[in-house]
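Structural characterization, general
The chain contents come next:
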Amino acid sequence: MSRSDLTKMTKVEVVVTGAEAPAVRDLLQASGARGFTSLSGVSGLGHDGYHQGRLLFNDQATLELIISVVPDEHADALIGGLRRLLENASGVMFVTDTYVSRPEHSA
Amino acid sequence: MSRSDLTKMTKVEVVVTGAEAPAVRDLLQASGARGFTSLSGVSGLGHDGYHQGRLLFNDQATLELIISVVPDEHADALIGGLRRLLENASGVMFVTDTYVSRPEHSA
Amino acid sequence: MSRSDLTKMTKVEVVVTGAEAPAVRDLLQASGARGFTSLSGVSGLGHDGYHQGRLLFNDQATLELIISVVPDEHADALIGGLRRLLENASGVMFVTDTYVSRPEHSA
């Protein structure tokens, strides 16, 4: 079973405006995330907390999707930090269980 | 446990051509989704239902990835509508359990 | 319950450089994946195995995110092949359970 060779981790996906993206990356690094993947070409509208009522359903903003994984035992601190960030900013966060490759060579 | 402060929801990811994207957004809005995230720069080929045999494995089409979350109790209606749409169109749908931030302030 | 009309599958998301992307697609096709979705506009840094120490946390590389689903019984072979690829290359892999639409008409 190859999946048993993988490491169960917590995957955190955050959609924020470009203005908030550096704060998200800082939180990731402070929480011990080993890295992140960032996607541009993202637009979105209307999600809970998105745009804080500034946009109607048909308005769109240019956003960034930031994907990272953290060990389960570090997830709570990261999620808490991101929730506080999102309370004062536009954005949404998805948290999902995932299994991640961990090559044996040091990164 | 910060994850207990999050809301368990059903994450729906749909990959469709630009022609089908407005119909997907209409279904999302009709199903009570509070918003969505859309990614451009997407290509794909060959998935079950993709392109309905019009493309070979090495052909690619420009597509859109639309991500949304709905409350679990609304997921069935949305999934049913998307399945009917995908029966008559190119595309694929992924449905995953996720946990979502819900800032207390109204959106 | 519409989700019972969907098919439980293993979703594999791989972030690699453009140089490795063709090898990933070959592995997908050899593992019986019916297709894939590819996203451009991806950057990333520092994930386990990313860049093999060539980049500092603030360096970024242009990457590709490749998403595919395979039947659970084929997942191990694919995951094993991707792990071997990632041991000798930059990149990261996420493996997640998902439910997928399967239109009845042949693809």
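Notes on the structure follow. These figures come from a predicted structure and were not determined experimentally. (Residues numbered from 1 in each chain as written. Chains lettered and ligands numbered in written order. Predicted model: local features only at pLDDT ≥ 70, side-chain atom pairs only at ≥ 80, totals over all residues. Heavy atoms only, no water.)

Regarding the layout of surface pockets
What counts here: For each structure, a 1 Å grid was placed over the protein atoms alone; sets of points admitting a 1.4 Å probe that cannot get out are labelled cavities, open sets with protein on both sides within 12 Å along at least five of seven lines are labelled pockets, and lining residues have an atom within 4 Å of a point. Grid points are joined across faces, edges and corners, and a volume is the space filled by probe spheres set on the points. Starting at the N terminus, helices and strands are each numbered in turn, a helix being any DSSP run of H or I of at least four residues and a strand any DSSP run of E of at least two. By the convention adopted, Pro, Cys, Tyr, Trp, Phe, Met, Ile, Leu, Val and Ala count as nonpolar, Lys, Arg, Asp and Glu as charged, and the other residues, Gly among them, as polar.
Each pocket or cavity is described by its volume, and for the largest pocket that value is around 250 Å³. What lines the largest pocket is a set of 18 residues, and nearest its centre among them are A:Thr96, A:Asp97, B:Asp97, C:Thr96 and C:Asp97. Among the elements of the structure, strand 4 (91–100) of chain A, strand 4 (91–100) of chain B together with strand 4 (91–100) of chain C are those that each provide at least two residues to the lining of the largest pocket. Of the residues forming the lining of the largest pocket, the biggest block, 5 residues, is contributed by strand 4 of chain C. Residues belonging to the lining of the largest pocket are distributed by class as follows: 5 nonpolar, 5 polar and 8 charged.

As for the packing of helix 1 (residues 21–30) of chain A against helix 2 (residues 72–87) of chain A
Residue and element names in this part refer to chain A. Our working rule: Lines fitted to the C-alpha atoms define the axes, with helices restricted to the stretch that makes contact. Angles between their N-to-C directions range from 0 to 180 degrees. An angle below 35 degrees is read as roughly parallel, one above 145 as roughly antiparallel, one from 65 to 115 as roughly perpendicular, and any other as oblique. Each crossing gets its hand from how the near helix is turned against the far one by less than a right angle, where anticlockwise is left-handed and clockwise is right-handed. Should any heavy atoms of two residues lie within 4.5 Å, those residues are counted as being in contact.
Look at helix 1 against helix 2: their axes get within 10 Å of each other, and the N-to-C directions meet at 160°. Overall, the two elements helix 1 and helix 2 adopt an arrangement that is roughly antiparallel. Our pair here, helix 1 against helix 2, has a crossing hand that is right-handed. Where helix 1 approaches helix 2, its residues Ala23, Val24, Leu27 and Leu28 are matched on the opposing element by Leu78, Gly81, Leu82 and Leu85. Residues of the contact of helix 1 with helix 2, tallied by class, amount to 7 nonpolar, 1 polar and no charged.

Re the pairing of strand 2 (residues 36–45) of chain A
Rule in force here: Only protein chains enter the accessibility calculation, which uses a 1.4 Å probe. A residue is then buried if its area is under 20% of the maximum for its type, exposed if over 50%, and partly exposed in between. Pairing between strands requires that DSSP locate at least two bridges from one strand to the other.
Buried residues dominate strand 2 of chain A, accounting for 8 of its 10 residues. For strand 2 of chain A and strand 2 (residues 36–45) of chain C, the ladder comprises 4 bridges, and the chain directions are antiparallel. Residue A:Leu39 lies in a different strand from strand 2 of chain C, and its bridge partner there is C:Val42.

Quick word on the environment of A:Leu86
Residues and elements named next belong to chain A. Positionally, Leu86 belongs in helix 2. The class for Leu86 is buried, based on a relative accessible area of 1%. When the C-alpha positions of Leu86 and Val24 are compared, they lie 9.7 Å apart, and in sequence the two are 62 residues distant.

A short note on the pattern of salt bridges
As a working rule, side chains carrying opposite charge can pair if their charged atoms are close by. Counted only if it meets this: Whenever Lys or Arg places a side-chain nitrogen within 4 Å of a carboxyl oxygen from Asp or Glu, that contact is recorded as a salt bridge.
Taken as a whole and assessed by the stated rule, the structure comprises 15 salt bridges over all chains. Linking B:Lys8 and B:Asp97 is a salt bridge whose minimum nitrogen-to-oxygen distance equals 3.5 Å. Of this pair, B:Lys8 sits in strand 1 (residues 7–17) while B:Asp97 sits in strand 4; the two residues are 89 residues apart in sequence, bridging distant segments of the chain. On the basis of relative accessibility, which here comes to 37%, the residue B:Lys8 falls in the partly exposed class. Close ionic contact of B:Lys11 with B:Glu13 constitutes a salt bridge, the shortest N to O distance being 3.9 Å. Judged by relative accessible area, which is 4%, B:Lys11 ranks as buried. With relative accessibility at 4%, the residue B:Glu13 sits in the buried group. Overlapping salt bridges bring together A:Lys11, A:Glu13, B:Lys11, B:Glu13, C:Lys11 and C:Glu13 as one network.

Here we look at empty space enclosed by the protein
Counting across every chain of the model gives 3 cavities of 30 Å³ or more. Each pocket or cavity is described by its volume, and for the largest cavity that value is around 60 Å³. Looking at the largest cavity, the residues that line it are A:Glu13, A:Leu39, A:Leu65, A:Ile67, B:Glu13, B:Leu39, B:Leu65, B:Ile67, C:Glu13, C:Leu39, C:Leu65 and C:Ile67. Here the residues of the lining of the largest cavity sort into 9 nonpolar, no polar and 3 charged. Of the volumes computed, that of the second largest cavity is approximately 40 Å³. As for the second largest cavity, its lining consists of A:Lys11, A:Glu13, A:Thr96, B:Lys11, B:Glu13, B:Thr96, C:Lys11, C:Glu13 and C:Thr96. Looking at the lining of the second largest cavity, its residues break down into no nonpolar, 3 polar and 6 charged.

Some details on the nonpolar core
As a rule of thumb, nonpolar side chains are buried together in soluble globular proteins. For the record, the criterion: Residues belong to one nonpolar core when they are buried, are Ala, Val, Leu, Ile, Met, Phe, Trp, Tyr or Cys, and are joined through side-chain atoms within 4.5 Å.
Counting residues in hydrophobic clusters, the biggest one holds 33 residues, and the most contacted among them are A:Leu39, B:Leu39 and C:Leu39. Ignoring any residue separated from it by four or fewer positions in sequence, one finds B:Leu39 in contact with A:Leu39, A:Gly41, A:Val42, A:Leu65, B:Leu63, B:Glu64, B:Leu65, B:Ile67 and C:Leu39.

Note that all results are geometric; they support no functional claim without further evidence.
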